[in-house]
Every structure is written in structure tokens, then in C-alpha cells.
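Residues per chain, in single letters:
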Amino acid sequence: MVDLLPYNTFGIRAAARDLLHIRSDQQLLEFLQSNCEPVFILGGGSNILLTRDVDAVVLHNEIKGIEVLSESDETTLVRAGGGEVWHEFVEWAISHNLGGVENLSLIPGTVGAAPIQNIGAYGAELKDVFHSLEAVNLEDKKPAVFSKNQCEFGYRESYFKKAGKGKFFITSVTFALQKIPVINANYGDIRKILTDRGVSHPNIKDVSDAVIEIRRSKLPDPKLLGNAGSFFKNPEISAEIFSVFSEKYPEAPHYHLENGDVKIPAGWLIEQSGWKGRRFGDAGCHEKQALVLVNYGNATGQEIVDLAIRIQQDVKEKFGILLSPEVNWI
Ligand code: FAD
Ligand code: EPU
């Protein structure tokens, strides 16, 4: 048995049958062909909540390497190994003056997990620069390639959280990065930081630095306080439901989406339901960001789940909105 405590950012203690460090596609294929035990794939462990022991062999993705595949006038195709640390890949792109991932700076985890929930932050999503990915099908044990359409990306969604859940090991991701970066500094706090710093013509490094500053001020560092980022997704409600909601809560922050729906920040709903800063034992709702559930030390996965369910129930009772988890519960 292996202790997964060092492998999940919530800092939850749970055991797995075994843990294997996967460093190449070849090693992965050979292992799958000679092994019939169940497997569970793990990257940085920054989007999982372990509620029980994992009755499987954990495959820890450590497939590295970043290479330029080709260039056109506008984009450079770059392939990164699934086990690359996401933020190190962002730093690589910035150092090569390739745009498109700077707003996604400092998101924890690996490149290979980034398509799973189509990571997003500060006005950008992975899908904006995604070209394709390479994976190994865990059922037939053969390599597979997925185009952008096949990944069915949505808000914190993809094919790999739906029909493809648990069926593929993503070994590399290919990105179409911008050779002439298009600066995206419209997200409120980014513009403010740049203005405060006297930066009127920001480059991608300036945007990345601003994003890093905002993230450090709002989100708890998992090295100091166990967490997995936003615990729930921000709910999207129809225009009809929103019109009733906004009559009752005209002060609620909201964002109109292209399809006519309206997104309400779950952090606001949770705070208004009285949960911000509360804790039960070592399981708590963060005092600065109500959407982040935290482990103050020795919380179990089940204690975090119990807290999440109480929050869900109160938000549902007060606002009639059911929050869905973003974090993967195991
Ligand atoms: P893991 O937690 O290891 O795995 C997540 C899921 O993907 C698991 O089900 C696992 O089995 C599966 N998986 C992992 N790797 C692979 C693979 N190679 N092939 C197939 N399946 C795989 N997310 C955002 O979108 N935006 C944010 O701003 C953001 N901020 C965060 C801030 C903090 C402080 C934390 C702790 C998390 C944050 N997250 C954010 C969530 C998290 O960083 C992302 O979801 C990240 O992509 C998870 O990567 P990981 O390698 O840690 O995945
Ligand atoms: N808010 C509150 N109280 C809180 C927290 C938030 O009222 O305690 C309200 C405020 O009005 C604030 C608004 O919610 O303006 C939005 O908050 P914030 O900017 O912190 O972003 P978020 O909606 O809580 C989302 C993503 C984050 C991403 C940030 C920045 C989801 C589920 N979360 O959070 O992603 O980093 O925007 O783009 O979409 C993650 O997925 O793990 C994650 C951290």
C-alpha cells in the first residue's frame, strides 16, 4: 500500500494499492499490456478529493518534454508532455514570447490534466489555445489522438469528465500559441494592477505577473493550507430564472453569457448563506474566498464532503440554486 497524502493538494490521507511513476508513453503501454489490475491516473492531485482508499494502482504522470512542432505566420504548434507542471509550461511560453496561456498562470497541476476540466481563469480557457491531444485508451491499450471538437470542451467540462471519464491516459497536449500575442487584460483586477504599476502597454509577462499577484492575494497556497481551488462550479441559470432571482437580489454579481444564460458567482451565494470562514473541526470554508473549501490539518475526505453537502443544502434552500462540485470526488 502507498500513502497518497503527498500526492493531493487537499492534504488528505488515503492509501492506494501501489503507485507507479510513468515517464514515457512506451513505459505506460508496456505496463498496461502486462497488468490487469485497475488503474487510477494522477497528475498534481490539485483537483481531487479522496474520500476513501483507492483500490487501484495509481499511475503518476511524469511524462516530460516541450517541443515546437511547426510554425505558421500566426501560430506556433507546441507539444508538451502530460506530466509537465502546468505553470512551468506557461513560463516556457512566456520566455519564448508565445501568447495565449499567460492568463492561466499559476494554476496548479499538470499539462495532461488541463483538458480534463478545460482549465480557465481571468478571461481565458485552455480551449482557446488547444490544438489536439495524444492519449492511451485504457480499454484497448492503444494510442489515440483527440481533436478540439472531439474533446467537447465547455465551462469546466470536457468529454473526459463525461463519456470518456477514466477511459484515457492523456500523454501529451499540443497547443496553437500566438506568435503575435493578443493581450487580454480586460478582466477587472488585471487592468487595475497594471494601471497601479504604471504599465500602459502590457506584454504577456506583465499580464502573467498581474494574474499571479491576484491569485496569491485571493487563493490559499495548498502548501500552507490544503485545498483544491474552487470546490463548486459557478452556476449558470436561464434568463427567466435570473429575472425572478434579480428582483429579489438586485445586488448579486452576475455575468451574461453568449447563449443567454446568466452566471452567478457561487462564492457570493455561499457567503450570503453565512458559510464564509466557518469550520467544523478541520474542514472549513475559506475566510477570504468562500468557494474554496480547506483542510486545516487532519480533515478526512468525508468531513470535507459533509461540509460541502451542508453548504449545497443551505444555498439551495435560500436561493433555489443547486451547486455542482467542480472537484473530482473519489
Ligand atoms: P489531478 O488532480 O491529478 O487530476 C484531476 C482529474 O483528472 C482526476 O480525475 C484524474 O484521474 C484525472 N487526470 C489527471 N491527469 C490525467 C491524465 N494525464 N489523463 C487522464 N486523466 C487525468 N482550475 C481552473 O480551471 N482554474 C483555476 O483558476 C484553478 N485554480 C486553482 C487554484 C488552486 C489553489 C488549486 C489547488 C486548484 C486550482 N484549480 C483551478 C484546479 C486544478 O488546478 C486544475 O483542475 C488542474 O488542471 C488539475 O491538474 P492536476 O494535474 O492536479 O489533476
Ligand atoms: N465572491 C463573494 N464572496 C466570496 C468569493 C467571491 O461574494 O467569498 C464574489 C465576488 O463578487 C467576486 C465574484 O464572486 O467578484 C467572483 O470571485 P472571483 O473573482 O474570486 O472568482 P470565482 O468566480 O470565485 C472563478 C474560477 C476560478 C478562477 C477565477 C478567476 C470557477 C468555479 N472558479 O472563481 O477557478 O481562478 O474565477 O478567473 O469558475 C478553480 O476552478 O479551481 C478556480 C480557482
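Residues numbered from 1 in each chain as written. Chains lettered and ligands numbered in written order. Predicted model: local features only at pLDDT ≥ 70, side-chain atom pairs only at ≥ 80, totals over all residues. Heavy atoms only, no water.

Q: Quick rundown of the nonpolar core? Include the residues and the values.
A: Grouped together as the largest cluster of nonpolar side chains are 45 residues, with contacts concentrated most on Phe231, Phe245, Leu269, Ile270, Leu293, Ile304 and Ile311. Those elements that provide at least two residues to this core are β2 (15-22), β4 (48-49), β5 (54-61), α6 (239-248), α7 (266-272), β18 (283-285) and α8 (301-319). If near-sequence neighbours (up to four positions away) are discounted, phenylalanine 231 is found in contact with Phe10, Leu49, Leu291, Leu293, Ile304, Ala308, Pro325, Glu326, Val327 and Trp329. Ranked by size, the runner-up nonpolar core spans 43 residues in total, among them Ile119, Tyr122, Leu126 and Val207. (Core = buried A, V, L, I, M, F, W, Y, C linked by side-chain atoms within 4.5 Å. Buried < 20%, exposed > 50% of the residue type's maximum accessible area, 1.4 Å probe, protein only. Helix = DSSP H or I, 4+ residues; strand = E, 2+ residues; numbered from the N terminus. Contact = heavy atoms within 4.5 Å.)

Q: Before we move on, could you go through the domain arrangement of the protein chain and cite the residues and values that matter?
A: Here the protein chain is described as being made up of domain 1 (2-61), domain 2 (66-178), domain 3 (188-218) and domain 4 (226-329). At the junction of the two partners, domain 2 supplies 14 residues and domain 3 supplies 11 residues. Buried surface at the junction of domain 2 and domain 3, summed over both partners, amounts to about 1,000 Å²; 72% is from carbon and sulfur atoms. Per-residue buried area on domain 2 facing domain 3 is highest for Ile94, Leu106 and Tyr122; these three make up 54% of the total on that side. (Domains from an automatic or database assignment. Buried area = accessible area lost by both parts, 1.4 Å probe.)

Q: Which residues make up the pairing of strand β7 (residues 75-81), and what values go with them?
A: Of all seven residues in β7, five are buried; the element is thus mostly enclosed. Of the strand pairs in this sheet, strand β6 (residues 66-71) and β7 are connected by five bridges, and their pairing is antiparallel. Across the sheet, the residue bridging to glutamate 67 is arginine 79, located in β7. Two strands pair when backbone bridges link them, and β7 and strand β12 (residues 168-178) are joined in this way by seven bridges, in the antiparallel orientation. If you follow alanine 80 over to β12, its bridge partner there is valine 173. (Pairing = 2+ DSSP bridges.)

Q: So, the environment of glutamate 91: which residues are in play, and what are the values?
A: Tracing the backbone shows glutamate 91 in helix α2 (residues 86-95). A residue is classified by how much of its surface remains accessible, and glutamate 91, at 43% relative accessible area, is partly exposed. It is 33 Å that separates the C-alpha atoms of glutamate 91 and alanine 283, two residues lying 192 residues apart in sequence.

Q: Could you give an account of the packing of aromatic side chains, naming the residues involved and the relevant values?
A: One pass over the structure, following the stated rule, counts 22 aromatic pairs. Taken together, a centroid distance of 5.2 Å and an interplanar angle of 75° make the contact between phenylalanine 231 and phenylalanine 232 edge-to-face. Grouping residues by exposure puts phenylalanine 231 and phenylalanine 232 together as buried. Taken together, the ring pairs in this structure connect Phe242, Phe245, Tyr249, Trp268 and Phe319 into an aromatic cluster. Seen from the ring of tyrosine 155, lysine 263 lies directly overhead, with NZ or CZ sitting 3.4 Å from the centre. (Phe/Tyr/Trp six-rings, centres within 6.5 Å; stacked < 30°, edge-to-face > 60°. Lys NZ or Arg CZ within 6 Å of the ring centre and 35° of its normal.)

Q: Provide a residue-level description of the site of ligand 1, including the pertinent values.
A: Neighbouring ligand 1 are 34 residues; Ile41, Gly43, Ser46, Thr110 and Arg215 lie closest to it. Serine 46 is positioned with one of its side-chain polar atoms (N or O) 2.6 Å from an oxygen atom of ligand 1. Between an oxygen atom of ligand 1 and a side-chain N or O atom of glutamine 117, the distance comes to 3.0 Å. Burial of ligand 1 by the protein chains amounts to 93% of its free accessible area of 980 Å². Those elements that place two or more of their residues in the shell around ligand 1 are β3 (39-42), β8 (120-121), β12 and β13 (226-230). Residue composition of the shell around ligand 1, by class: 17 nonpolar, 15 polar and two charged. (Near = heavy atom within 4 Å. Polar contact = N/O pair within 3.5 Å; in protein donor to acceptor, adjacent residues only side chain to side chain. Areas by Shrake-Rupley, 256 points an atom, 1.4 Å probe, with all protein chains shown as cover. Nonpolar A, V, L, I, M, F, W, Y, C, P; charged D, E, K, R; others polar.)

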